[in-house]
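# Topology and contacts: notes
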Amino acid sequence: QSRFPHLCPTPFRMLAAGRTGSGKSSALYSAVTDHYRGCFTKGLVIIARTANLDHTYVQLQEWAGKHYKQDNREKQFVFTSFDDEDALMTIFREHEDLVAKEKIQRKNDNSSEPLSSRIWIVDDLSDSPALRSRNESLLNKVATTGRHSGQSLFLYIHALSACSPLLRKSASCL
């Protein structure tokens with residue numbers, strides 16, 4: 001959990017809406033590297049059109065490399081769209097399977113060790129049909145069932161109307 005008691009407990013589904021230049025990326029960087037530092041034991045997944053251009057995301061990738069030993073060349077964790085939904089769904093399911101095994105182990109050991117957790121960061125995709133999808137998409141899975149496997153979501157959009165009602169209703173904080 002965050003060291004700040006007033007912030008949403010993990011796992012969460014956080015929506016942030018604001019126009020370009022309003023500070024969403026800066027807030028995200030502070031949240032991941034400071035406010036929720038150490039909360040996401042299995043690192044992060046970035047899905048952002050500007051992930052390889054925006055200095056905030058470049059810094060976040062470097063931070064993930066240092067703190068989570070994530071290397072995008074070894075195992076991709078940075079995507080610029082939802083086009084590779086199979087790879088993204090594999091990441092989701094692998095984490096889901098890991099946490100299911102941990103839950104069984106915790107029960108057998110009578111342990112209260114924290115479960116593995118991951119953060120999904122989605123930004124700069126307000127025009128993507130994936131945000132308005134009503135089918136069984138990755139984003140809908142993360143938003144609705146991800147919390148059961150310790151997967152949190154930061155969804156940054158330009159307007160709340162840019163995402164589906166399901167995503168808005170699933171949000172634990174705005």
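The structure we're discussing is the one just above.
Figured I'd write up the structure that's included with this text. Per chain, residues are indexed from 1 in the order of the written sequence. With the structure being a predicted model, the display of local features is reserved for residues of pLDDT at least 70 and the display and counting of side-chain atom pairs for 80 or more, all residues being used for whole-chain, interface and lining totals. Excluded from the side-chain calculations are hydrogens and water; all other atoms, namely the structure's heavy atoms, are used.

### Some words on the state of the cysteines
Any pair of cysteine sulfurs within 2.5 Å is marked as a disulfide. In this structure the tally under the stated criterion is 1 disulfide. Linked covalently through their sulfurs, Cys8 and Cys173 form a disulfide whose S-S length is 2.4 Å. Within this pair, whereas Cys8 is found in the segment before β1 (13-17), its partner Cys173 is found in the segment after α5 (165-170), the two being separated by 165 residues in sequence. Here Cys39 is not disulfide-linked; the sulfur of Cys8 is the nearest cysteine sulfur, at 12 Å. Labels follow the DSSP assignment, with helices taken as runs of H or I lasting at least four residues and strands as runs of E lasting at least two, numbered in each case from the N terminus.

### Notes on helix α3 (residues 85-109)
For α3, which comprises 25 residues, the first-to-last C-alpha distance of 36 Å matches the rise-based estimate of 36 Å (1.5 Å per residue) to within 8%. For every residue, the accessible area obtained with a 1.4 Å probe (protein chains only) is divided by the maximum for its type, and the residue is called buried under 20%, exposed over 50%, and partly exposed between those limits. Taken residue by residue, α3 has Leu88, Met89, Ile91, Phe92, His95 and Val99 as its buried positions. Any two residues whose heavy atoms approach within 4.5 Å at even a single point are treated as in contact. Tucked into the core, α3 has its buried residues touching β2 (44-48), β3 (78-79), β4 (118-123), α4 (138-144) and β5 (151-157). With its phi angle positive at about 55°, Asn110 sits one or two positions after the end of α3. An expected span of 1.5 Å times one less than the residue number is assigned to each helix.

### Description of the pattern of salt bridges
Throughout this description, the term salt bridge denotes a Lys or Arg side-chain nitrogen within 4 Å of a carboxyl oxygen of Asp or Glu. The final tally for this structure, using the stated rule, is 2 salt bridges. Taking the shortest distance from any N to any O, the salt bridge between Arg73 and Asp71 comes out at 3.3 Å. Overall, the relative accessible area of 76% leaves Arg73 in the exposed class. Look at Asp71 and you get partly exposed, because its relative accessible area is 23%. We note a salt bridge from Glu94 to Lys75, for which the minimum N-O separation is 2.8 Å. Of this pair, Glu94 sits in helix α3 while Lys75 sits in the loop between α2 (55-68) and β3; the two residues are 19 residues apart in sequence, bridging distant segments of the chain. Take Glu94: its relative accessible area is 40%, and that puts it in the partly exposed class.

### Structural notes on the packing of aromatic side chains
Between the rings of Phe, Tyr and Trp (Trp by its six-membered ring), a pair exists once the centres lie within 6.5 Å; its type follows the angle of the planes, with under 30 degrees stacked, over 60 edge-to-face, and the other angles tilted. For the structure shown, the criterion picks out 7 aromatic pairs. With centroids separated by 6.1 Å and ring planes inclined at 35°, the aromatic side chains of Tyr36 and Phe40 adopt a geometry described as tilted. There is no split in this pair, since Tyr36 and Phe40 are both buried. Ring-pair connections join several aromatic residues into one group, and the members of that group are Phe12, Tyr36, Phe40, Phe154 and Tyr156.

### So, the pairing of β4
The buried fraction of β4 amounts to 6 of the 6 residues, a majority that puts the element mostly inside the structure. Along β4, one buried face is formed by Arg118, Trp120 and Val122 and the opposite face, lined by Ile119, Ile121 and Asp123, is buried too. Where β2 meets β4, 5 bridges bridge the pair, whose relative direction is parallel. Counted as the bridge partner of Ile46 is Ile121 from β4. Two strands pair under a simple rule: DSSP has to find at least two bridges between them. Pairing between β4 and β5: 5 bridges, direction parallel. Note on β5: the bridge partner recorded for Trp120 is Leu153.

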